Amino acid sequence: MITTPQSRSLRPVLALTLLASLIPLCVTPVLPLTDFYAHIARYYILANLPDSTTLQQNYEAAWQLLPNLGLDVLGTGIMKVLPPLLGAKLIAGLIIAAPFAGILYLSRVLHGRLSALTVFLAGLVAYNHILIWGFSNFLLGLGVLLGAIGYWIATQDRPVRQLAVTACLGLILFFIHGLAFALWGLLLGMVELSLAFRSGYPGLPVLLRKAARLASIAIAPAVIFLQTKTASGGVATPVSNLLAHAEQGTLWARLSTEAYLRVDGFLRVAESTWRTFDWGFGVLLWGVLIGGLITGIWRIDRRMKLAVALCGLLILITPPNLFGVGHLSERIPLLMLALLAASLSLNPSARLRSQQIAVAAIAGLFLLRNLMLTVGWYQDGKIYASYLEALNLHDTRSLGAGAYVEDAKDSWVFKPSCRPLSFLMIFNGTAVPTFANPTQQPLRIVGPLASVQGAVQKIALEANHTLPSALNALSNAKADTIVTCSTESFPPQVPGFEILAATEPWILYQRITSK
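Bear in mind the structure is a predicted one, so any value in this text is a computation, not a measurement.

Asks: Just to check I follow, could you spell out the packing of aromatic side chains for this structure?
Replies: How two aromatic rings sit relative to each other is given by the distance of their centres and the angle of their planes. Within the structure shown, the criterion is met by 14 aromatic pairs. Considering the side-chain rings of Y44 and F427, the 5.0 Å spacing of their centres and the 75 degrees angle between planes classify their relative orientation as edge-to-face. Pair noted here: Y44 is in helix α2 (residues 36–48) and F427 is in the loop between α19 (420–423) and β5 (443–445), with a separation of 383 residues, a long-range link. We classify Y44 as buried; its relative accessible area is 18%. When the centroid spacing of 6.3 Å and the interplanar angle of 80 degrees are considered together, the rings of F497 and Y509 count as edge-to-face. Of this pair, F497 sits in strand β7 (residues 497–503) while Y509 sits in strand β8 (residues 506–511), placing them twelve residues apart in sequence. For Y509, a relative accessible area of 0% gives the class buried. Pairwise contacts between aromatic rings join F174, F175, F181 and W184 into one cluster. Above the plane of the ring of F138 lies R331, whose end atom (NZ or CZ) is 5.2 Å from the centre.

Asks: What is the right way to read the packing of helix α10 (residues 178–196) against helix α11 (residues 204–227) from this model?
Replies: One can describe the packing of α10 onto α11 by two numbers: an axis separation of 10 Å at closest approach and a directional angle of 165 degrees. Between α10 and α11, the interaxial angle falls into the category roughly antiparallel. As for the relative orientation of α10 and α11, their crossing is right-handed in sense. The residues of α11 that touch α10, namely those facing F181, W184, L188, G189, E192, L193 and A196, are L207, K210, L214, I217, A218 and P221. Here the residues of the contact of α10 with α11 sort into ten nonpolar, one polar and two charged.

Asks: What should I look at first to understand the state of the cysteines in this one?
Replies: Note on terminology: disulfide describes a covalent bond linking the sulfur atoms of two cysteines. Taken as a whole, this structure holds one disulfide when the rule is applied. Each disulfide pairs two cysteine sulfurs, and for C418 the partner residue is C485, the sulfurs being separated by 2.2 Å. Residues C418 and C485 are joined through a disulfide that is left-handed, its torsion about the S-S bond being -115 degrees. In this pair, C418 sits in the loop between α18 (405–409) and α19 while C485 sits in strand β6 (residues 481–485), placing the two residues 67 residues apart along the sequence.

Asks: Can you walk me through unusual backbone geometry in this structure?
Replies: For residues other than glycine, phi is negative in most cases, and the peptide bonds are mostly trans. The step from E504 to P505 runs through a cis peptide bond, and the omega angle for that step is 15 degrees. Structurally, P505 is set in the loop between β7 and β8. Phi is positive for R397, which is not a glycine, with a value near 65 degrees. Mapped onto the fold, R397 is located in the loop between α17 (352–393) and β4 (400–402). We classify R397 as partly exposed; its relative accessible area is 26%.

Parameters at a glance
- Residues numbered from 1 in each chain as written.
- Predicted model: local features only at pLDDT ≥ 70, side-chain atom pairs only at ≥ 80, totals over all residues.
- Heavy atoms only, no water.
- Phe/Tyr/Trp six-rings, centres within 6.5 Å; stacked < 30°, edge-to-face > 60°.
- Helix = DSSP H or I, 4+ residues; strand = E, 2+ residues; numbered from the N terminus.
- Buried < 20%, exposed > 50% of the residue type's maximum accessible area, 1.4 Å probe, protein only.
- Lys NZ or Arg CZ within 6 Å of the ring centre and 35° of its normal.
- Axes fitted to C-alpha atoms, helices over the stretch in contact; angles between N-to-C directions.
- Parallel < 35°, antiparallel > 145°, perpendicular 65-115°, else oblique.
- Left-handed = near helix turned anticlockwise from the far one by under 90°.
- Contact = heavy atoms within 4.5 Å.
- Nonpolar A, V, L, I, M, F, W, Y, C, P; charged D, E, K, R; others polar.
- Disulfide = S-S within 2.5 Å.

Given below as structure tokens:
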């Protein structure tokens with residue numbers, strides 16, 4: 001019997017993929033994910049708020065119905081029972097595993113079996129551009145989204161059960177992430193169109209009936225959403241932004257920036273945090289996938305073709321932000337790659353040798369990306385270890401903040417490894433600004449920290465700040481301890497501040513107070 005890449009035992013492939021995917025999590029005490037520890041800080045605050053006077057002076061819980069509550073509920077529970085850094089690793093493992101598992105389930109539903117091609121592509125999806133941003137709820141939602149599409153397809157012959165269970169899954173997905181729910185609805189529509197037209201035009205009554213069934217799934221989430229504060233963000237923000245740029249004569253500059261961000265997000269979809277490498281890697285990855293489709297080495301399941309095509313359109317037309325959620329267009333390439341990972345299968349009519357080379361190419365890309373990721377995270381891990389040691393040795397007082405001036409000036413200078421630093425101070429008993437918008441998260445910043453938060457937001461928006469001016473602005477807001485990253489002469493001395501500790505590129509400053 002001739003064995004193909006589809007029919008061989010998958011146990012070694014799964015073992016290799018899981019091992020390669022676990023290693024990056026183990027080489028650093030803190031993960032270099034841009035916004036991730038801002039969310040972790042919020043979970044920690046919510047878990048410990050009832051028992052901490054210091055936290056109560058600077059934060060208020062704002063629990064209410066919101067479309068992005070999934071990990072806040074789960075993360076708060078985890079932070080009640082685990083040390084924060086260990087809890088953060090567990091949550092990270094969950095959001096990495098969710099898309100991976102969703103892809104495998106959807107692929108099993110579509111093809112009746114798993115293949116090495118699917119497993120390696122799922123491994124590529126597991127570490128991605130959106131993970132590096134730290135968008136935790138969306139990644140958890142992506143996994144549920146893929147699984148819910150798989151369930152919808154798997155239960156086509158049981159319509160009552162299909163509708164009842166999918167409605168429940170939709171409600172769960174809505175509370176995990178509103179955008180993931182909206183995308184799921186659009187993709188289900190494409191799947192239903194593909195199923196309806198598989199034997200020709202089904203007629204208008206059939207199409208209307210299918211549309212009504214899908215619309216019924218959205219009724220409860222839509223009613224709930226309209227009652228939330230999140231709905232007040234509306235669709236007006238991107239439109240008003242475009243009009244403002246047009247009035248200021250900067251519309252074309254803004255549009256060119258958006259075009260660049262979409263190309264950047266598309267190429268860096270399976271990111272390793274090495275920007276130049278990621279661009280080249282993205283060209284190679286998409287080239288292999290598209291080349292395999294053109295040459296007929298693999299093919300997309302017919303039920304998913306319209307869904308994949310919709311993703312291509314959404315990459316072009318999705319606004320950069322909506323209802324308070326940013327970087328929308330950068331999330332769509334990940335969704336497209338996940339759908340391709342689940343829906344691609346090797347073409348039986350293709351030459352065996354071509355199939356083997358193609359699968360080997362995907363496996364090689366997966367291992368290369370994970371090697372680069374592990375090396376980068378290991379280097380960042382040494383930076384974090386020294387920072388955590390400094391936090392253990394020093395009293396960071398009541399109020400802390402991060403001042404990433406070079407990030408505001410030039411995004412090319414910014415390294416994701418710097419961003420988590422300020423949020424880690426919360427585990428040291430120091431209140432820090434974090435994501436706490438009651439229209440988006442179940443937390444509100446109050447008291448003395450509100451002034452510090454305002455100063456941090458102003459510094460981030462103004463590109464003319466120097467390190468001394470940023471530190472002075474935070475000092476005026478009564479921030480006690482400030483962490484920053486610098487590529488200038490190291491470490492920069494700033495009047496009015498002492499340096500508690502420094503390991504390039506971070507410096508931990510503390511405001512000098514009169515005794």
